[in-house]
Amino acid sequence: MKKLTLLLLVVGQCIFAQNTVNLDYYLPQNTTYNSDIPTPESVIGHEVGEWHVSHDKLITYMKTLAGASNRISLENRGTTYEGRPLLLLTITSPDNHRNIENIRKQHIKLTESGSGSLDTQNMPVVVYQGFSIHGNEPSGSNAALALAYYLAAAEGAGIEEMLSNTIILFDPCFNPDGLQRFAYWANTNRSKNLNPDNNEREYHEVWPGGRTNHYWFDMNRDWLPVQLPESRARIATFHRWLPNILTDHHEMGTNSTFFFQPGEPTRVHPLTPEMNQELTKQIATFHSKALDKIGSLYFSEENYDDFYYGKGSTFPDINGSIGILFEQGSSRGHVQESDNGLLTFPFTVRNQFTTALSTLEAANNLRQQLLDYQREFYTDARDEATGNKGKAIVFGDEKDAAKAYHLAEILKRHKIKVYDIARDFTEGDKHYKKGYSYIVPRNQKNSRLIDAMFETRTEFTDSLFYDISAWSFPLAFNLDHHETNFSHADETHSGISLREGRVSDKSNYAYLFEWHEYYTPGALYRILRKGIRAKVGKTPFSIENKAYDYGTIMIPVQNQEMDSEALYAFLQKVAGESHITINGVSTGHAIGIDLGSNQFETLELPKVALLTGNGISPYDAGEIWHLFDQRYDIPVTKIDESYLNRVELDKYNIFILTNTWGSLDSDIKKKLENWVNAGGVLIGYRNAINWLKKNEFITPELRETEITAKDITYEERRDFHGAQVTGGAIFEAEIDRSHPVNFGYKNNRIPLFRNTNIFIEPDEQSYNNPIRYTEDPLLSGYISEENLEQLKGSVPFKIQRSGDGKVIIFTDNTNFRAFWYGTNKLLMNVVFFNELM
């Protein structure tokens, strides 16, 4: 009873503290504030930390602040998928604002040739402060309210000096859609009497949660691929300014304290200069001092790493900047029990606010060192690049212009010079075709970033990774690529554009297009949806002096619902919008199969359903949703597991079960089993294979890795098991190009991304193994020796009949983070050509 009384007393005190917290709780002591600058409460209607700020209120306050302060300018850099603005505040002294473009140009000059004449002693430092890239890690964006007020309203010599010496690029919310989603959840479940019980609904948001953006992407993995609108806005800002420090404010588990970088010393990417980590350590001393002052616990140099350059805290490190990750133990709502006592939302906000200020203090104290380091970084990079003068990387696909274009597009976003090739040429055994290939000179400013994006690495000092260990872009895009001579470049053409699509000739007989181009699935869907009959060729052939590969689509002109003129006009529109060439032919007589052959199979319009909800990985489901919706304009019906049993599945012929994070109930098993037996095609990804095997949908023989710990201490056990995780690496597989799953691929080998340890034995019949890992499969990244042995010769793809339907499985993610263009077509081939398999 005494314990209960004590708990109620503590909770009561917490509730009182929550209800009475005000700006003084966050702001530095002994500082005066300009009364003309509105406080957050006066605009959004509540104190910082009393409620979770919604994105619309956050933006309203930032706009109000910009209108009231001559220290702030505001720009809208675009919108999210849900139409929310991507605002950036530039905060500095009024004098700097009047000269802001000249300051920016001078800052950029520091990174260019001839920068030695610049006097860094009198140059402002540039700090990019960004908050809550994960929407359900909201203390960052809520701290942005208090921080923006402080920077606009604080008075005194200290703040004036800091603003004179600093350009602050202030991004109040990296993830507007996710923050809005989570604020709605936390606020709608908030009680008047705040309840810290961990079982309270407030702390258990519903699937998919607010972490991700609209399509359920983890945006803190998109700094290098730049596939999302939010990423494109912040990357454009980054390269426009090249800040000296970039901060990224996150949250972690409720029972944790506060983390700031540097991270684990053995997990720093080798391309990152040592001085980067030294400066990170110096900056860390300012965080320690600030957190000591308010009595907050913290840790550093463990758990988190600086390896994958696609994260916000690591991306700056390959660009001459210092990336800083902050991780605050999360209240996940307004107040929650933790191992460190009652964790209140205002407390989490105060830690983020405090370290945001200590960052600015560090930037000012280390200003000249940071500027000199940035100059040195690019000077050294130029020296390295000079040694590669005349050298270049060529990449392309002579059959697929779109894939090559989209990689060139990413490079251009990172201010990397990319050129068309001057003429067709051959390097090694690969043919590079003008209009389908691009060339990247080694000798250019961002040469280190090029190295980071194109390298393959298979040796590491550590076997643990916070994220993926490989991301080589030409492998991700499945593009031919070679080191070559820059003389192949057409230096007059540095602009890039998607190849124009067209119908070559009007026909009264048939139209043909090969399946190689990236956007052919979208084109075929539009054709089938229009009610036009289309067939796919199962064998190569030649007609009218042109060769056609496996998977060529044939559209006969006769016996269609539209006449030949309307068909021609429609196909012209489809070709143009899909960036493909459709050829009209005047005869069905071919070398090989004729167009009337039974080797052409009639195609069915795919009607696709995707399982979502509890137990399903929102990342994997979101990647598939994004692929269908954004890339191919193919509708996909997202069905939540909670109401699947009430859905008539007969209207769908494809059902996709992505990676699972939990178990699915027996009713789902029965529903899907009946549907497959009646003729449906069930596609299972990654861990869904285990569920499908357990529930007897499939019967593949799996290889098991047996690991025994020898000479491993209790303290080392976690690292021992962690070393067996295949967290994300790239492997080579042989493919049978005649199998429909491989239609549209011109080479007989393909790079696959893998982040599972599911190993399937090959079938005795070789033709049932259309994709099979080679005996020396590792292309880039980390895998343990034990798992590598299991992977050799295994198969990542299987088909099994079940009644009148099929179950098709992939061990690997063919759609990883939206930039793995090279394997997207494997899924689309199953969607369109499963009847041939």
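Structural data are supplied above this passage.
Residues numbered from 1 in each chain as written. Predicted model: local features only at pLDDT ≥ 70, side-chain atom pairs only at ≥ 80, totals over all residues. Heavy atoms only, no water.

## Describing the overall build of the chain
For step 1, the next point in the chain: Looking only at helices and strands, the chain has 23 helices and 38 strands in total.
For step 2, the next point in the chain: On C-alpha atoms alone, the chain measures out to a radius of gyration of 29 Å, which is about the 28 Å that the 2.2 N^0.38 rule sets for 837 residues.
For step 3, the next point in the chain: The buried share among the 837 residues of the chain stands at 61%.
For step 4, the next point in the chain: Across the chain, every contact between residues at least 6 apart in sequence was considered, and the portion connecting residues at least 24 apart equals 79%.
For step 5, the next point in the chain: Accessible surface for the chain amounts to roughly 32400 Å². Of this, 44% is attributable to carbon and sulfur atoms.
For step 6, the next point in the chain: Here the chain contributes 83 positive and 108 negative side-chain charges, whose respective centroids are spaced 4 Å apart. (Helix = DSSP H or I, 4+ residues; strand = E, 2+ residues; numbered from the N terminus. Rg over C-alpha atoms; globule rule 2.2 N^0.38 Å. Buried < 20%, exposed > 50% of the residue type's maximum accessible area, 1.4 Å probe, protein only. Contact = heavy atoms within 4.5 Å. Areas by Shrake-Rupley, 256 points an atom, 1.4 Å probe, with all protein chains shown as cover. Lys, Arg positive; Asp, Glu negative; His and termini not counted. Charge placed at Lys NZ, Arg CZ, Asp CG, Glu CD.)

## Points about the packing of helix H3 (residues 55-68) against helix H8 (residues 176-188)
For step 1, the next point in the chain: For the pair H3 and H8, the least separation of the axes is 8 Å and the interaxial angle reads 120°. Regarding the angle of H3 to H8, the classification is oblique. Facing H3, whose interface residues are His55, Asp56 and Leu58, H8 presents Pro176, Leu179 and Gln180.
For step 2, the next point in the chain: Split by residue class, the contact of H3 with H8 holds three nonpolar, two polar and one charged. (Axes fitted to C-alpha atoms, helices over the stretch in contact; angles between N-to-C directions. Parallel < 35°, antiparallel > 145°, perpendicular 65-115°, else oblique. Nonpolar A, V, L, I, M, F, W, Y, C, P; charged D, E, K, R; others polar.)

## A closer look at the sheet that holds strand S33 (residues 729-735)
For step 1, the next point in the chain: The strand order across the open sheet formed by three strands is S34-S33-S36, and the pairing between neighbours is antiparallel. Whereas interior strands pair on both sides, the edge strands pair on one side only; in this sheet they are strand S34 (749-754) and strand S36 (771-780). Adjacent strand axes in the sheet meet at a mean angle of 35°, parallel and antiparallel pairs treated alike.
For step 2, the next point in the chain: When S33 meets S36, the two strands line up antiparallel, connected through five bridges. If you follow Phe731 over to S36, its bridge partner there is Leu778. (Pairing = 2+ DSSP bridges.)

## A look at the packing of aromatic side chains
For step 1, the next point in the chain: The full count for this structure, using the stated rule, is 55 aromatic pairs.
For step 2, the next point in the chain: With 4.8 Å between their ring centres and 55° between their planes, Trp216 and Trp625 make a pair best called tilted. Remark: Trp625 occurs in helix H18 (residues 618-631) and Trp216 occurs in the loop between H8 and helix H9 (229-241); sequence separation between them is 409 residues. When sorted by exposure, Trp216 lands in the same class as Trp625, which is buried.
For step 3, the next point in the chain: Summarising the aromatic geometry, the rings of Phe259 and Phe299 are spaced 5.4 Å apart at their centres and angled 50° between planes, so their arrangement reads as tilted. (Phe/Tyr/Trp six-rings, centres within 6.5 Å; stacked < 30°, edge-to-face > 60°.)

## Looking at unusual backbone geometry
For step 1, the next point in the chain: The omega angle of the peptide bond from Trp207 to Pro208 is 0°, so this bond is cis rather than trans.
For step 2, the next point in the chain: Summarising the element assignment, Pro208 is placed in the loop between H8 and H9.
For step 3, the next point in the chain: With a phi close to 55°, Val226 is a non-glycine residue in the positive phi region.
For step 4, the next point in the chain: Considering the arrangement of structural elements, one finds Val226 in the loop between H8 and H9.
For step 5, the next point in the chain: In this model, Asn303 sits at a positive phi of 70°, which is unusual for a non-glycine residue.
For step 6, the next point in the chain: Residue placement: Asn303 occurs in the loop between helix H10 (274-294) and strand S9 (322-329).
For step 7, the next point in the chain: Taking the relative accessible area as the measure of exposure, Asn303 reaches 40% and is therefore partly exposed.

## Notes on the pairing of S34
The two faces of the sheet receive side chains in turn, since in a regular strand these alternate between them.
For step 1, the next point in the chain: Summarising burial for S34: five of the six residues are buried, a large majority.
For step 2, the next point in the chain: Of the pairings in the sheet, the one linking S33 to S34 comprises six bridges and is antiparallel in character. Paired with Ile730 across the two strands is Phe753, which belongs to S34.

## Comments concerning the pattern of salt bridges
For step 1, the next point in the chain: Per the stated rule, a full pass over the model turns up 38 salt bridges.
For step 2, the next point in the chain: Linking Asp95 and Arg98 is a salt bridge whose minimum nitrogen-to-oxygen distance equals 2.2 Å. On the criterion of helical spacing, the pair formed by Asp95 and Arg98 is a turn pair, its members being three residues apart in helix H4 (residues 94-98).
For step 3, the next point in the chain: You can call Arg98 exposed: its relative accessible area is 65%.
For step 4, the next point in the chain: Here the salt bridges share partners, and the residues they tie into one network are Glu137, Arg211, Asp218, Arg221, Asp467 and Arg817. (Salt bridge = Lys/Arg side-chain N within 4 Å of Asp/Glu carboxyl O.)

## Section: the environment of Ala152
For step 1, the next point in the chain: Examined against the element boundaries, Ala152 turns out to sit in helix H6 (residues 139-153).
For step 2, the next point in the chain: Through-space distance from the C-alpha of Ala152 to that of Ile639 is 47 Å; in sequence the pair is 487 residues apart.

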